[in-house]
Amino acid sequence: MDFNLKKLTSDAGVFFTRAVQFTEERLGSAEKTELDAHLENLIARADCTKNWTEKIFRQTEVLLQPNPIDHTGARIEEFFYEKLDKKIPSRTTNGELLGQYMLDAAKDFGPGTPYGSTLITVGEYQSRLGGAEREFLQTSAINFLTPLRNFLEGDWRTISKERRLLENRRLDLDICKARVKKAKQAEAKAAAEPDFQETRPRNYVLSASASALWSEEVDKAEQELRVAQTEFDRQAEVTRLLLEGISSTHVNHLRCLHEFVEAQATYYAQCHQYMQDLQKELSSANSDTYPNSFASNANPSTSATCPSPVSSATLPGVSPPCLASTSTPGIARDPSGPLKILDVQQPSTGHRKAKVLYDYDAHDTSELSLLADELITVYTVPGMDPDWLVGERGNQKGKVPVTYLELLS
């Protein structure tokens, strides 16, 4: 391999000289050329823009893809597609995957069963939610993440490169200033020496020759200084123009931010509409079998867990928990013993079906134990406590608390 040894040596010398100048500036033993206030403000603004853009970009990635390193290897796949300069294929979202699982489960459970048909309905809406999410992710990536990434990986790299070049030009300028200063000091010293050595002609000639040499050195250093100053001014102007472009970057990112918010609003509106439609469809599908199911679930007094009531036959005068505090005399009870509910005759009219909401254990023989989700027949009789009904399950009969039931018909 052909090496340019002269150029390599020259570059190494320049690097070493700049390193010495930089170190002396840090130690305070060398002067440093300060940039003008306008350029300093532009640099500070650019640094602020870069830092916050990077943070917003990373956090938006987390928002759109909370767990990029998962079993699908999403981040690795994106890396390879970016390096190959190919379009990243559309990936199935978690919502779409859940919907597919529900649809597959419905096939095994039986689409005609209540559970299977409901799985189909919910699965279809989950797929729609997943599709809306995928569209939101794609729109946000194109309209928001891509411009931010282009700034960080494109414009900012160019700005950083020109700023490094400006810093090198400044170091070269300060090195030339130091050389001129040292050459002038040496020239002045050489010019002053003959005054003290007039009796020695030989030394006078040598001093005059040294003075001429230092004069030439000063001229050479000043010429290098003018060149360094010109290069520094040119690079400062280039850097200034690039940094002033940060204002255009802000305008572009502002437009992208509006588009990101619009995509979010559209996505959440779609999700809200899908969930409303799903609730209506589920309510309509179950209205024939469970007409009051959604109404009862919306009522906090029945949806909350209710403690098992204590039988009024066990504690006379104390109304059961979760029931009304007022009570009327029971069903022809004998004060000396529990109510014989088996002696109560079912009326010819007024009996209804009821769904049991919670498990209930009978406290005595006058009550009927209940299991959640079972269907029983209930009715009331004149003079009975309004918080209790008579329930029947086959040949079993007994009192049941109203708060544990959902009346169906």
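Bear in mind that the values here come from a model prediction, so they are computed numbers and not experimental data.

K.L.:
Would you mind going over the nonpolar core with me for this structure?
P.N.:
It is characteristic of soluble globular proteins that their nonpolar side chains tend to be buried jointly. Grouped together as the largest cluster of nonpolar side chains are 30 residues, with contacts concentrated most on Leu 35, Leu 39, Phe 136, Leu 166 and Leu 243. Taken together, the elements giving at least two residues each to this core come down to α2 (37-64), α5 (114-192), α6 (201-244) and α7 (246-286). Sort the elements by how many residues they give to this core and α5 lands first, with 13 residues. Core analysis: the second largest hydrophobic core is formed by 17 residues, Ala 354, Val 356, Val 381 and Tyr 404 among them.

K.L.:
Would you mind going over a nonpolar patch on the surface with me for this structure?
P.N.:
Nonpolar side chains collect at one region of the surface, where Leu 254, Leu 257 and Val 261 lie side by side and expose about 250 Å² of accessible area between them. With respect to the helices and strands, the residue Leu 254 is situated in helix α7. For Leu 254, a relative accessible area of 48% corresponds to the partly exposed category.

K.L.:
I tried to follow the confidence of the model for the protein chain on my own but got confused; where do I start?
P.N.:
In the predicted model, the protein chain carries a mean pLDDT of 78, and 70% of its residues have values of at least 70. Taken element by element, the predicted model of the protein chain shows its lowest mean pLDDT in helix α9 (residues 300-303) (41) and its highest in α2 (94). This model gives residues 69-73 a pLDDT under 50, and the stretch forms zero contacts once residues within four places in sequence are excluded. Segment residues 288-339: pLDDT under 50, and 73 contacts once partners within four positions in sequence are set aside and those in other chains are kept.

K.L.:
Help me understand the packing of aromatic side chains, please; the structure alone is not making it clear to me.
P.N.:
The geometry of an aromatic ring pair is captured by the separation of the ring centres together with the interplanar angle, meaning the angle of the planes. Summed over the entire model, instances satisfying the criterion amount to eight aromatic pairs. Taking the centre distance of 6.3 Å and the plane angle of 50° together, the rings of Phe 151 and Trp 156 count as tilted. Considered together, Phe 151 and Trp 156 belong to a single accessibility category, that of buried residues. Through successive ring pairs, a cluster of aromatic residues spans Phe 136, Phe 144, Phe 260, Tyr 267 and Tyr 268.

K.L.:
Looking at this model, I keep getting lost on unusual backbone geometry. Mind explaining?
P.N.:
Here Asp 373, not a glycine, exhibits a phi torsion of approximately 80°, which is positive. By the secondary structure assignment, Asp 373 is in the loop between β1 (352-356) and β2 (375-379). Given the relative accessible area of 56%, Asp 373 is considered exposed.

K.L.:
What am I meant to see in the side chain of His 253 here?
P.N.:
Along the chain, His 253 falls in helix α7. The contact partners of His 253, leaving out residues within four places of it in the chain, are Thr 53, Pro 147, Leu 148 and Phe 151.

K.L.:
In this structure, what is going on with the pairing of strand β3 (residues 388-393)? I would like to understand it.
P.N.:
Looking along a regular strand, one sees the side chains alternate between the two faces of the sheet. The element β3 is largely enclosed, with a buried count of five among its six residues. With three bridges joining them, β2 and β3 adopt antiparallel strand pairing. Looking at the pairing, Val 378 lines up with Gly 391 of β3. As paired strands, β3 and strand β4 (residues 396-401) are joined by six bridges and run antiparallel to one another. Along β4, the bridge assignment pairs Leu 389 with Val 400.

Calculation notes
- Residues numbered from 1 in each chain as written.
- Predicted model: local features only at pLDDT ≥ 70, side-chain atom pairs only at ≥ 80, totals over all residues.
- Heavy atoms only, no water.
- Core = buried A, V, L, I, M, F, W, Y, C linked by side-chain atoms within 4.5 Å.
- Buried < 20%, exposed > 50% of the residue type's maximum accessible area, 1.4 Å probe, protein only.
- Helix = DSSP H or I, 4+ residues; strand = E, 2+ residues; numbered from the N terminus.
- Patch = residues over 30% accessible without salt bridge, like charges linked within 9 Å, V, L, I, M, F, W, Y side chains within 5 Å.
- Areas by Shrake-Rupley, 256 points an atom, 1.4 Å probe, with all protein chains shown as cover.
- Salt bridge = Lys/Arg side-chain N within 4 Å of Asp/Glu carboxyl O.
- pLDDT = per-residue confidence, 0-100.
- Contact = heavy atoms within 4.5 Å.
- Phe/Tyr/Trp six-rings, centres within 6.5 Å; stacked < 30°, edge-to-face > 60°.
- Pairing = 2+ DSSP bridges.

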